Amino acid sequence: MYLTTIVNPDGSSYTIRYHEPRKIINLPLNTAELTPEELQKHLNRKKVQEKVVIEEQPDDDFDINRYSHLWKTKPTEKK
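On a predicted model such as this, the values are computed, not experimentally measured, just so you know. (Residues numbered from 1 in each chain as written. Predicted model: local features only at pLDDT ≥ 70, side-chain atom pairs only at ≥ 80, totals over all residues. Heavy atoms only, no water.)

Asker: Help me understand the pairing of strand β2 (residues 13–18) in this model?
Answerer: The side chains of a regular strand alternate between the sheet's two faces. The pairing of strand β1 (residues 2–7) with β2 spans 6 bridges and is antiparallel. Paired with Thr-5 across the strands is Thr-15, a residue of β2. (Pairing = 2+ DSSP bridges. Helix = DSSP H or I, 4+ residues; strand = E, 2+ residues; numbered from the N terminus.)

What follows is the structure, given as structure tokens:
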């Protein structure tokens, strides 16, 4: 017998001895007992969210010369 944690749908948990080596068992949520608002929230969590597409703006005012001082090498030492 193996120690296993049971997690209820409300978030509470307890430890039991189980015949298979499992770390955790999540009990399913009974959707028949939910109110329509709670059911809608539950279903919305399972939906795949759309990926946000970021469009680049073609005319940017980036000037590379403003940052040229960052990659210039230091002057060599005089001997």
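Asker: Quick question: what am I supposed to make of the pairing of β1 here?
Answerer: The hairpin turn running from β1 into β2, its antiparallel successor, is 5 residues long, and Gly-11 in that turn takes a positive phi close to 105°. Alignment of β1 against strand β3 (residues 24–26), held across 3 bridges, turns out to be parallel. Within the sheet, the bridge partner assigned to Thr-5 lies in β3 and is Ile-24.

Asker: What is the right way to look at the sheet that holds β1 in this model?
Answerer: Adjacent strands of a sheet pair through backbone hydrogen bonds, lying either parallel or antiparallel. In space, the 3 strands of this open sheet follow the order β2-β1-β3, with mixed pairing throughout. Edge positions in the open sheet fall to β2 and β3, since each of these has one partner strand only. Neighbouring strand axes in the sheet, compared pairwise and without regard to direction, differ in orientation by 30° on average. (Axes fitted to C-alpha atoms, helices over the stretch in contact; angles between N-to-C directions.)

Asker: Teacher, can you tell me more about a nonpolar patch on the surface here?
Answerer: Taken together, the side chains of Phe-62, Ile-64, Tyr-67, Leu-70 and Trp-71 make up a nonpolar region of the molecular surface, amounting to roughly 580 Å² of accessible area. Take Trp-71: it is sitting in the segment after α1 (36–46). (Patch = residues over 30% accessible without salt bridge, like charges linked within 9 Å, V, L, I, M, F, W, Y side chains within 5 Å. Areas by Shrake-Rupley, 256 points an atom, 1.4 Å probe, with all protein chains shown as cover. Salt bridge = Lys/Arg side-chain N within 4 Å of Asp/Glu carboxyl O.)

Asker: Would you explain the environment of Glu-50 in this entry?
Answerer: Topologically, Glu-50 is positioned in the segment after α1. For the pair Glu-50 and Thr-76, spaced 26 residues apart in the sequence, the C-alpha separation amounts to 54 Å.

Asker: How should the pattern of salt bridges be read in this particular structure?
Answerer: Side chains carrying opposite charge are able to pair once their charged atoms draw close together. Going through the model one piece at a time under the given rule, you end up with 1 salt bridge. The partner of Arg-22 in a salt bridge is Glu-20, with the nearest N and O atoms 3.4 Å apart. For Glu-20, a relative accessible area of 32% corresponds to the partly exposed category. (Buried < 20%, exposed > 50% of the residue type's maximum accessible area, 1.4 Å probe, protein only.)

Asker: How should I be thinking about the side chain of His-42 in this particular structure?
Answerer: Structurally, His-42 can be placed in helix α1. Apart from residues no more than four positions distant in its own chain, His-42 is found in contact with Leu-29, Thr-31 and Leu-34. (Contact = heavy atoms within 4.5 Å.)

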